[in-house]
Protein chains: 2
Amino acid sequence: MPQLSMNARVRKSPFFDATVRHGVTHFSVYNHMYIATSFGDPEAEYRRLIEGVSLWDVGCERQVELRGPDAEKLAQYLCPRDLGRCQVGQGLYAPVCDHQGRLLNDPILLKLSADRFWLSIADSDLLLWARAIAAERRWDVEVFEPDASPLAIQGPHAVSVVAALFGDWVKRMGYFHFQATELDGIPLLLARSGWSKQGGFELYLLDETRGLELWEKVWRAGEPWNIGAGTPNATERIESGLLSYGTDTDMNSNPFELGLARFVELDIEPDFIGKQALKEIALSGPQRALTGLLLDADKPMPCIEHKCRVYSDDRDIGYIAVNTYSPRLGKNIGIALLQRALVDTQAPVIAALPDGNYRCEQCALPFCR
Amino acid sequence: MPQLSMNARVRKSPFFDATVRHGVTHFSVYNHMYIATSFGDPEAEYRRLIEGVSLWDVGCERQVELRGPDAEKLAQYLCPRDLGRCQVGQGLYAPVCDHQGRLLNDPILLKLSADRFWLSIADSDLLLWARAIAAERRWDVEVFEPDASPLAIQGPHAVSVVAALFGDWVKRMGYFHFQATELDGIPLLLARSGWSKQGGFELYLLDETRGLELWEKVWRAGEPWNIGAGTPNATERIESGLLSYGTDTDMNSNPFELGLARFVELDIEPDFIGKQALKEIALSGPQRALTGLLLDADKPMPCIEHKCRVYSDDRDIGYIAVNTYSPRLGKNIGIALLQRALVDTQAPVIAALPDGNYRCEQCALPFCR
């Protein structure tokens with residue numbers, strides 16, 4: 001496997017040195033920052049997430065802040081959700097689309113106050129999009145990146161660790177709800193969220209100089225539950241059918257083909273970007289659909305490094321974006337974006353992977369609940 | 001050094017497999033694609049660029065195409081250059097700014113026809129910016145990424161290699177001029193350009209399925225000049241004072257502090273984004289300035305991995321973004337963005353690097369011509 005060269009064009013998160021100390025072995029790059037992707041023991045990291053508690057540096061999950069008198073107007077125009085129902089302290093998953101309904105990012109929108117919102121973004125420069133819209137509409141709102149770097153605590157014991165740090169009140173927090181707080185003077189936003197289906201919290205560190213301090217405090221609080229270092233986990237997210245923007249999607253993806261229809265509120269009063277185009281897609285039905293694949297292979301297969309074509313009767317019908325061996329299913333599984341007609345039939349397909357063609361059964365997402 | 005994990009979120013260029021075959025050892029990520037950064041012999045790669053000819057996979061230098069009746073209007077509104085003087089077949093370096101004059105990217109603008117332009121971009125999603133502007137203005141122009149992947153041939157012998165491939169007419173091409181052509185049926189755009197000051201060409205491959213074929217043809221044509229695999233070269237670019245967007249810059253950089261004043265044409269008739277804000281910065285003078293530093297160290301120093309603070313009399317006056325040992329100068333050099341008042345005095349400063357504080361003399365950029 002190739003090595004990663006490091007320079008100042010790609011930033012380090014405030015928790016970077018802690019991940020190095022804990023033996024990080026692999027990185028990728030996400031939002032122009034390093035993201036730890038492995039600590040060298042994939043099986044233990046997976047088990048810890050499924051059965052215990054895992055600590056992830058997700059500082060690369062950057063925030064785009066909208067602040068000013070027109071912040072809510074801008075947030076509403078960007079997001080296909082009814083923000084009239086969104087309270088301060090609440091987050092919403094929002095597939096942000098362009099005027100033609102193409103997905104540009106799938107952030108969590110956080111309402112910090114009436115005139116202050118964050119978009120907690122996936123891997124694309126949504127700041128440029130939001131800033132262009134705001135400026136061209138001459139709305140009175142600043143669009144910038146605040147000093148806010150999430151640290152995720154994920155897994156069934158995450159709630160115990162976070163309760164040990166902050167008190168039992170955290171157990172009553174609703175999903176995607178958040179609250180400003182602090183830990184021994186370290187300013188934080190504590191949210192019940194995270195990119196897994198195993199439950200957990202994200203601590204948005206609000207002072208980038210205090211990342212190592214925060215990491216250590218969480219680590220010590222987590223020791224009774226054998227907390228360990230981990231990363232956003234490809235195997236768990238595939239099993240759980242969580243979308244990975246940029247991995248599962250391409251430049252022409254829309255929310256409907258990605259199974260995100262319930263996050264596109266076409267019947268709300270306020271206008272939002274892409275509303276008309278999305279209505280048309282909803283009416284005619286998307287041309288493609290995301291589907292699970294069960295690969296016909298008798299042992300754990302290597303993970304593909306790039307999208308691979310999928311065929312039905314020698315016809316190219318789409319791509320498989322990821323595969324993994326699922327410990328919970330005991331099978332090789334993957335996620336593919338295929339012609340909807342083929343997904344509707346649930347007929348078997350052929351995935352053309354680097355080491356050969358594999359017959360695949362289709363399977364509804366998610367694989368595991 | 002950590003390893004790079006690979007998955008479908010980050011794309012491979014059409015030349016990727018060729019770089020692997022030639023022994024690439026390091027990558028970074030640029031525009032959501034892998035970029036080769038070393039073939040394991042930095043000294044040979046540097047010498048080859050300075051004295052010979054080097055072949056670089058720069059497929060990650062993506063294009064943002066503007067196409068349609070309003071393409072020129074959009075290009076002009078995005079770029080602070082007089083496009084009225086830009087002919088078909090000509091490129092222009094264009095520091096693209098937001099409405100407040102902050103640099104968002106520094107692409108080469110290529111005029112392919114009256115209604116078709118490319119922005120050949122540095123590492124930020126300028127597509128989102130351009131698409132938002134076009135849509136909000138309701139201009140009749142499509143904004144998308146075309147199938148176009150540059151392969152760079154750089155160094156003093158590049159012109160001989162390219163002449164051997166295409167004919168002697170290429171020797172008369174002006175800098176930043178380009179022409180559609182082909183090589184044994186492989187569709188290309190041939191441009192006299194590249195991210196070095198050693199001269200060279202970029203072949204924009206227009207069919208992503210034919211990258212390995214193109215690489216091999218260039219390789220064979222270059223053998224008489226001992227062509228070798230290389231990458232955009234940090235040492236040469238620092239010596240030459242070429243800007244690296246995202247490395248040398250931060251989120252609030254403007255073209256004036258970066259020494260790009262000659263690429264911002266404030267007195268032209270057409271309006272462009274940021275014109276008023278840039279006029280104000282030009283009038284008051286920028287608060288910071290890019291400067292060269294000569295580090296007081298008696299042997300080649302390791303390269304820093306992130307921006308480091310720079311001090312004068314214990315006052316924080318900015319950052320150093322990169323350093324390198326310059327073979328041509330026999331010195332450790334770097335590029336810093338500092339308070340302009342300090343740069344004006346050319347007083348020595350202190351760079352706080354990971355292994356200690358270094359006294360630095362200032363030095364006008366570029367270090368080498």
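Because the structure is predicted, anything quoted here is derived from the model rather than measured.

Turning our eyes to something else, we now look at the nonpolar core. Membership of the largest hydrophobic core comes to 76 residues, with the highest contact counts inside it found for Phe-166, Leu-214 and Val-218 of chain A together with Phe-166, Leu-214 and Val-218 of chain B. For Phe-166 of chain B, the residues in contact, after removing those within four places along its chain, are Thr-181, Glu-182, Leu-183, Leu-188, Leu-190 and Leu-203 of chain B. Formed by 60 residues, the second largest nonpolar core is a distinct cluster that contains Ile-121, Leu-127 and Ile-133 of chain A together with Ile-273 of chain B.

Once that is clear, we can look at the interface of chain B and chain A. Taken together, the contacts link 49 residues of chain B with 49 residues of chain A. Roughly 4700 Å² is buried in total at the junction of chain B and chain A, and carbon and sulfur atoms are behind 54% of that figure. It is Gln-3, Arg-9 and Glu-136 of chain B in chain B that bury the most area against chain A; as a group they hold 17% of the surface buried on that side. One can count 8 salt bridges joining chain B with chain A. Across the pair Arg-9 of chain A and Asp-123 of chain B runs a salt bridge, and its minimum N-O distance is 2.9 Å. Linking chain B with chain A are 33 residue pairs in polar contact (both at pLDDT 80 or more), by the criterion used here. When residues of the side of chain B that touches chain A are assigned to their parent elements, the largest contribution, 8 residues, is made by helix 4 (residues 126-136) of chain B. Residues belonging to the side of chain B that touches chain A are distributed by class as follows: 23 nonpolar, 13 polar and 13 charged. Two strands pair when backbone bridges link them, and strand 2 (residues 26-30) of chain A and strand 1 (residues 3-4) of chain B are joined in this way by 2 bridges, in the parallel orientation. Paired with Phe-27 of chain A across the bridge in strand 1 of chain B is Leu-4 of chain B.

Another aspect to go through is the side chain of Asp-98 of chain A. Within the element layout of this structure, Asp-98 of chain A appears in the loop between strand 7 (96-97) and strand 8 (103-105). Of the polar contacts made by the side chain of Asp-98 of chain A, one reaches the backbone nitrogen of Gln-100 of chain A; its length is 2.8 Å. Aside from chain neighbours lying at most four places away, what touches Asp-98 of chain A is Leu-104, Trp-129, Ile-273 and Gly-274 of chain A together with Arg-131 of chain B.

Here helix 6 (residues 211-222) of chain B spans 16 Å end to end across 12 residues, near enough to the 16 Å set by a 1.5 Å rise per residue. Listed in full, the buried residues belonging to helix 6 of chain B are Gly-211, Leu-214, Trp-215, Lys-217, Val-218, Trp-219, Ala-221 and Gly-222 of chain B.

What follows is about the packing of helix 3 (residues 71-78) of chain B against helix 4 of chain B. Geometrically, a packed helix pair is captured by the angle between its two axes and the distance between the axes. All names here are of chain B. Two numbers describe how helix 3 lies on helix 4: the axes approach to 11 Å, and their chain directions differ by 120°. Overall, the two elements helix 3 and helix 4 adopt an arrangement that is oblique. Here helix 3 and helix 4 pass one another in a crossing that is right-handed. Note on element contacts: helix 4 touches helix 3 through Trp-129, Ala-130, Ile-133 and Ala-134, opposite Leu-74, Tyr-77 and Leu-78. The class makeup of the residues in the contact of helix 3 with helix 4 is 7 nonpolar, no polar and no charged.

By secondary structure assignment, the location of Met-6 of chain A is in the loop between strand 1 (3-4) and helix 1 (16-21). Between the C-alpha atom of Met-6 of chain A and that of Tyr-34 of chain A, which follows or precedes it by 28 residues, the distance is 9.0 Å. Sequence-distant contacts of Met-6 of chain A, defined by excluding residues within four places in its chain, comprise Lys-12, Phe-16 and Tyr-34 of chain A together with Pro-2, Ile-304 and Glu-305 of chain B.

Bringing the pattern of salt bridges into the picture now. Residues and elements named next belong to chain A. Under the criterion given, the structure shown has 50 salt bridges over all chains. Taking the shortest distance from any N to any O, the salt bridge between Arg-62 and Glu-145 comes out at 3.0 Å. Of this pair, Arg-62 sits in the loop between strand 4 (54-57) and strand 5 (63-67) while Glu-145 sits in the loop between strand 11 (142-144) and strand 12 (149-154), and the two are 83 residues apart along the sequence. Notably, a salt bridge pairs Glu-65 with Arg-67, separated by 2.6 Å at the nearest N-O pair.

Next up on the list: the environment of Leu-203 of chain A. Residue and element names in this part refer to chain A. Take Leu-203: it is sitting in strand 15 (residues 200-205). Remark: the alpha-carbon pair of Leu-203 and Gln-346, spanning 143 residues in sequence, is separated by 41 Å. Dropping the residues within four chain positions of it, Leu-203 is found in contact with Ser-149, Pro-150, Leu-151, Ile-153, Phe-166, Leu-188, Leu-189, Leu-190, Leu-214 and Val-218.

A separate point is unusual backbone geometry. Each neighbour pair has its own omega, and for Leu-365 of chain A with Pro-366 of chain A the value is -5°, a cis peptide bond. Mapped onto the elements of the fold, Pro-366 of chain A is located in the segment after strand 22 (356-363). The backbone of Asp-313 of chain A sits at a positive phi, close to 50°, despite the residue not being glycine. The topology assignment puts Asp-313 of chain A in the loop between strand 18 (308-312) and strand 19 (315-326). In this model, Arg-138 of chain B sits at a positive phi of 55°, which is unusual for a non-glycine residue. Its location among the elements puts Arg-138 of chain B in the loop between helix 4 and strand 11 (142-144).

Between the two chain copies there is a screw-like relation: a rotation about an axis and a shift along it. Superposition of chain B onto chain A requires a rotation of 180° combined with a translation of 0.0 Å along the rotation axis, giving an RMSD of 0.0 Å. One copy is carried onto the other by what is essentially a two-fold rotation axis. By C-alpha distance to the rotation axis, the residue of chain B lying nearest is Gln-3 of chain B, at 2.1 Å. Interface residue correspondence from chain B to chain A reaches 100%, placing this contact among same-surface, isologous pairings.

Attention shifts here to the sheet that holds strand 6 (residues 91-93) of chain A. Residue and element names in this part refer to chain A. Here 5 strands make up an open sheet; going across it, the order is 6-9-10-5-11 and the pairing antiparallel. Two strands close off the open sheet at either side, each with one partner strand: strand 6 and strand 11. The sheet shows a mean angle of 20° between the axes of neighbouring strands, direction not considered. Two strands pair when backbone bridges link them, and strand 5 and strand 11 are joined in this way by 3 bridges, in the antiparallel orientation. Among the inter-strand pairings, Leu-66 is bridged to a residue of strand 11, identified as Val-143.

Once that is clear, we can look at empty space enclosed by the protein. In the structure shown here, the tally under the stated rule is 3 cavities of 30 Å³ or more. Its volume calculated, the largest cavity comes out at about 110 Å³. Lining the largest cavity are 15 residues, and of these Val-29, His-32 and Asp-123 of chain A together with Val-29 and His-32 of chain B lie nearest its centre. Secondary structure elements with two or more residues in the lining of the largest cavity: strand 2 of chain A together with strand 2 (26-30) of chain B. For the lining of the largest cavity, the per-class residue count stands at 6 nonpolar, 4 polar and 5 charged.

The rules behind each value
Residues numbered from 1 in each chain as written. Chains lettered and ligands numbered in written order. Predicted model: local features only at pLDDT ≥ 70, side-chain atom pairs only at ≥ 80, totals over all residues. Heavy atoms only, no water. Core = buried A, V, L, I, M, F, W, Y, C linked by side-chain atoms within 4.5 Å. Buried < 20%, exposed > 50% of the residue type's maximum accessible area, 1.4 Å probe, protein only. Contact = heavy atoms within 4.5 Å. Buried area = accessible area lost by both parts, 1.4 Å probe. Salt bridge = Lys/Arg side-chain N within 4 Å of Asp/Glu carboxyl O. Polar contact = N/O pair within 3.5 Å; in protein donor to acceptor, adjacent residues only side chain to side chain. Helix = DSSP H or I, 4+ residues; strand = E, 2+ residues; numbered from the N terminus. Nonpolar A, V, L, I, M, F, W, Y, C, P; charged D, E, K, R; others polar. Pairing = 2+ DSSP bridges. Expected span 1.5 Å × (residues − 1). Axes fitted to C-alpha atoms, helices over the stretch in contact; angles between N-to-C directions. Parallel < 35°, antiparallel > 145°, perpendicular 65-115°, else oblique. Left-handed = near helix turned anticlockwise from the far one by under 90°. Least-squares fit on C-alpha atoms with pLDDT ≥ 70 in both. 1 Å grid on protein atoms, 1.4 Å probe; cavity = no way out; pocket = protein on both sides within 12 Å on 5 of 7 lines; lining within 4 Å. Points joined across faces, edges and corners; volume = space filled by probe spheres on them.

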